[in-house]
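Chain residues, written in single-letter form:
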There are 2 protein chains.
Amino acid sequence: MNSEVNIGFLIYPNVTPLDAIGPAQMLSAVPNSRVHMIWKDLRPIPTDIGITLNPTTTLSECPDLDVLCVPGGFGQKALMDDQVVLDFLKRQGEQAQYVTSVCSGSLLLGAAGLLNGYQSACHWALIDELRSFGAEPVSSRVVRDRNRLSGGGVTAGVDFGLTLVAELVGEEFAKLVQLSTEYDPEPPFDAGSPSKAPPELVEKVQRRFAEMWGSS
Amino acid sequence: MNSEVNIGFLIYPNVTPLDAIGPAQMLSAVPNSRVHMIWKDLRPIPTDIGITLNPTTTLSECPDLDVLCVPGGFGQKALMDDQVVLDFLKRQGEQAQYVTSVCSGSLLLGAAGLLNGYQSACHWALIDELRSFGAEPVSSRVVRDRNRLSGGGVTAGVDFGLTLVAELVGEEFAKLVQLSTEYDPEPPFDAGSPSKAPPELVEKVQRRFAEMWGSS
């Protein structure tokens, strides 16, 4: 690894900002790290919560990344056959120390051929889609297979981020980051996974995601 | 409440982006909601992780907010006697349905006189500072006192956000949001609060926060 640790998130129209900002907040604590937000150009990018995010670099100017991360979002669907984006992921994915994703971001890694024969996490409602890319879906919050590290849906990015901080710097440092960000979660309800939520809610979310993703 | 639910986050140089984006991601699901990022002008704002956030409106042009939220960050320290910012918070705080904060954001609400006689949460390492504003520090992840709702440090913004979604729309809907964002946390370590982390880490974080905040 270089003395500078380059951590890059691909962002794109209709990305889910928490998928990127959750882990970015954790990973920005890594000594000598630099967080990049990467897209085709530097114009502000609309997200799925009505605010914009600014790319810090472009696909062509991005330095070699130590950590490549693809956050999720329905906007990804439009990128599944975008050769410029897929080529970027392939190029960076071949040389990065860690090839990573949060939520449905693993599907785009899959489309770039980077998960063939790997286990991966994904948002629970889209996880079966991983099979079409030769990946093995694993329903865990954070999944590691060799240098692939993936988080489940949206908020799993925080658990994923802390796990990766520990990989890069060590457990002691990751605990320091956990304490600094007071990550001692207390969800007000216990409906955060399909095994815990009421079946009618599970069905509702499943249906909405299938519609948005265009899967059957 | 208007038919449009206006949810506004004050952002400022050196804000902690996860403090705002965590709850914003949850609250953006509220039907007819609009998420505002508010600052003095519309130029991109540097954050504490090296990326920028874009204001969507200004202090003077911001509509009356249903939810006023101040996220934390050391950049706040420079605002503690900024009359333009304090006047904005006072004006909005007097009419908003909910006056809220994440992490050290409660200190700026305090400086604006909005927490006098109220219980409030804050980042654990700065929570005692609340007393100087007449507020009563409460070491809980989410604290409610009348229409004041506050979250603890950084990642507490997600628990805070879901709690507020339940207030605004109802528990069933909040559970739907929890399931959609797969908020079923599994921190890889158990060091997220001063009662759980090793004492030497607690001291280290406490010292750093005191230095950054300029408190003794």
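These figures come from a predicted structure and were not determined experimentally.

Let's shift gears to the sheet that holds strand E10 (residues 142–145) of chain A. Residue and element names in this part refer to chain A. Spatially, E5-E2-E1-E6-E7-E11-E10 is the arrangement adopted by the seven strands of the open sheet, whose pairing is mixed. Looking along the sheet, the strands with just one partner apiece sit at the ends: strand E5 (57–58) and E10. Bridging between strand E7 (residues 98–102) and strand E11 (residues 148–151) involves four bridges; their strand directions are parallel. In the sheet register, Thr100 faces E11, and the bridge partner there is Leu149. Each of strand E6 (67–70), E7, E10 and E11 is contacted by helix H4 (residues 156–169), which is oriented at about 165° to E7, the strand it contacts most.

Attention shifts here to the confidence of the model for chain A. Detailed reading of the predicted coordinates is not advisable wherever pLDDT is low. Residues with a pLDDT of 70 or more make up 98% of chain A, whose mean pLDDT is 96. Two numbers describe this predicted complex: its pTM, 0.97, and its ipTM, 0.97.

In summary, the two copies of the chain are related to each other by a rotation about an axis coupled with a shift along it. Laying chain B over chain A is done by rotating through 180° and shifting 0.0 Å along the axis; what remains is an RMSD of 0.0 Å. Interpreted geometrically, this transformation is the action of a two-fold axis. Take the interface residues of chain B: 100% of them recur as interface residues in chain A, which is what a same-surface contact looks like.

Before going further, it helps to spend a moment on the interface of chain B and chain A. Counting residues at the interface gives 62 residues for chain B, matched by 62 residues for chain A. Both faces considered, chain B and chain A share a buried interface measuring about 5300 Å² in area, 64% of it formed by carbon and sulfur atoms. Sorting the residues of chain B by area buried against chain A places Leu179, Glu182 and Phe189 of chain B first, and these three jointly supply 15% of that buried surface. Our count for the chain B to chain A interface comes out at two salt bridges. Between Lys196 of chain B and Asp184 of chain A there is a salt bridge; the shortest N-O distance is 2.7 Å. Our count for the chain B to chain A interface comes out at 33 residue pairs in polar contact (both at pLDDT 80 or more). Within the residue set of the side of chain B that touches chain A, elements represented by two or more residues are helix H1 (17–27), strand E2 (33–39), strand E4 (52–53), helix H4 (156–169), helix H5 (171–180) and helix H6 (199–213) of chain B. Ranked by the residues each element gives to the side of chain B that touches chain A, the list is headed by H5 of chain B, at eight residues. When grouped by side-chain class, the residues that make up the side of chain B that touches chain A number 32 nonpolar, 17 polar and 13 charged.

So, about the pairing of strand E2 (residues 33–39) of chain A. Residues and elements named next belong to chain A. Judged by how many residues are buried, E2 sits mostly within the fold: five of seven residues are covered. Across six bridges, the pairing between strand E1 (residues 5–10) and E2 is parallel. When the bridges of E2 are listed, Phe9 appears paired with Met37. Each parallel crossover has a hand, and for E1 linked through helix H1 (residues 17–27) to E2 it is right-handed. Across two bridges, the pairing between E2 and E5 is parallel. The partner of Ile38 across the bridge, within E5, is Thr57.

Residues and elements named next belong to chain A. You will see that Asn14, though not glycine, has its phi angle at about 75°, which is positive. Backbone geometry places Glu182, a non-glycine residue, at a positive phi of 45°. Looking at the secondary structure, you find Glu182 in the loop between helix H5 (171–180) and helix H6 (199–213). Note on Glu182: relative accessible area 11%, which makes it buried.

Relative to the helices and strands, Lys175 of chain A resides in helix H5. Separated by 13 residues in the primary sequence, Lys175 of chain A and Leu162 of chain A have C-alpha atoms spaced 8.2 Å apart. Apart from residues no more than four positions distant in its own chain, Lys175 of chain A is found in contact with Phe189, Ala191 and Leu201 of chain B.

Our focus in this paragraph is the packing of H5 of chain A against H6 of chain B. The contact between H5 of chain A and H6 of chain B brings their axes to 10 Å, and the two run at 55°. By the angle between their directions, the pair H5 of chain A and H6 of chain B is classed as oblique. Our pair here, H5 of chain A against H6 of chain B, has a crossing hand that is right-handed. Here Glu172, Lys175, Leu176, Leu179 and Ser180 of chain A of H5 of chain A lie close against H6 of chain B, whose contacting residues are Glu200, Leu201, Val202, Lys204, Val205 and Phe209 of chain B.

Time to look at the packing of aromatic side chains. All names here are of chain B. One pass over the full model with this rule turns up two aromatic pairs over all chains. In this arrangement the basic side chain of Arg146 is found over the ring face of Tyr118, its NZ or CZ atom lying 4.1 Å from the centre. The ring centre of Tyr118 lies 4.2 Å from the NZ or CZ of Arg148, which sits over that ring.

About the criteria used
- Residues numbered from 1 in each chain as written.
- Chains lettered and ligands numbered in written order.
- Predicted model: local features only at pLDDT ≥ 70, side-chain atom pairs only at ≥ 80, totals over all residues.
- Heavy atoms only, no water.
- Pairing = 2+ DSSP bridges.
- Helix = DSSP H or I, 4+ residues; strand = E, 2+ residues; numbered from the N terminus.
- Contact = heavy atoms within 4.5 Å.
- Axes fitted to C-alpha atoms, helices over the stretch in contact; angles between N-to-C directions.
- pLDDT = per-residue confidence, 0-100.
- Least-squares fit on C-alpha atoms with pLDDT ≥ 70 in both.
- Buried area = accessible area lost by both parts, 1.4 Å probe.
- Salt bridge = Lys/Arg side-chain N within 4 Å of Asp/Glu carboxyl O.
- Polar contact = N/O pair within 3.5 Å; in protein donor to acceptor, adjacent residues only side chain to side chain.
- Nonpolar A, V, L, I, M, F, W, Y, C, P; charged D, E, K, R; others polar.
- Buried < 20%, exposed > 50% of the residue type's maximum accessible area, 1.4 Å probe, protein only.
- Right-handed = clockwise from strand over helix to strand, strands pointing away.
- Parallel < 35°, antiparallel > 145°, perpendicular 65-115°, else oblique.
- Left-handed = near helix turned anticlockwise from the far one by under 90°.
- Phe/Tyr/Trp six-rings, centres within 6.5 Å; stacked < 30°, edge-to-face > 60°.
- Lys NZ or Arg CZ within 6 Å of the ring centre and 35° of its normal.

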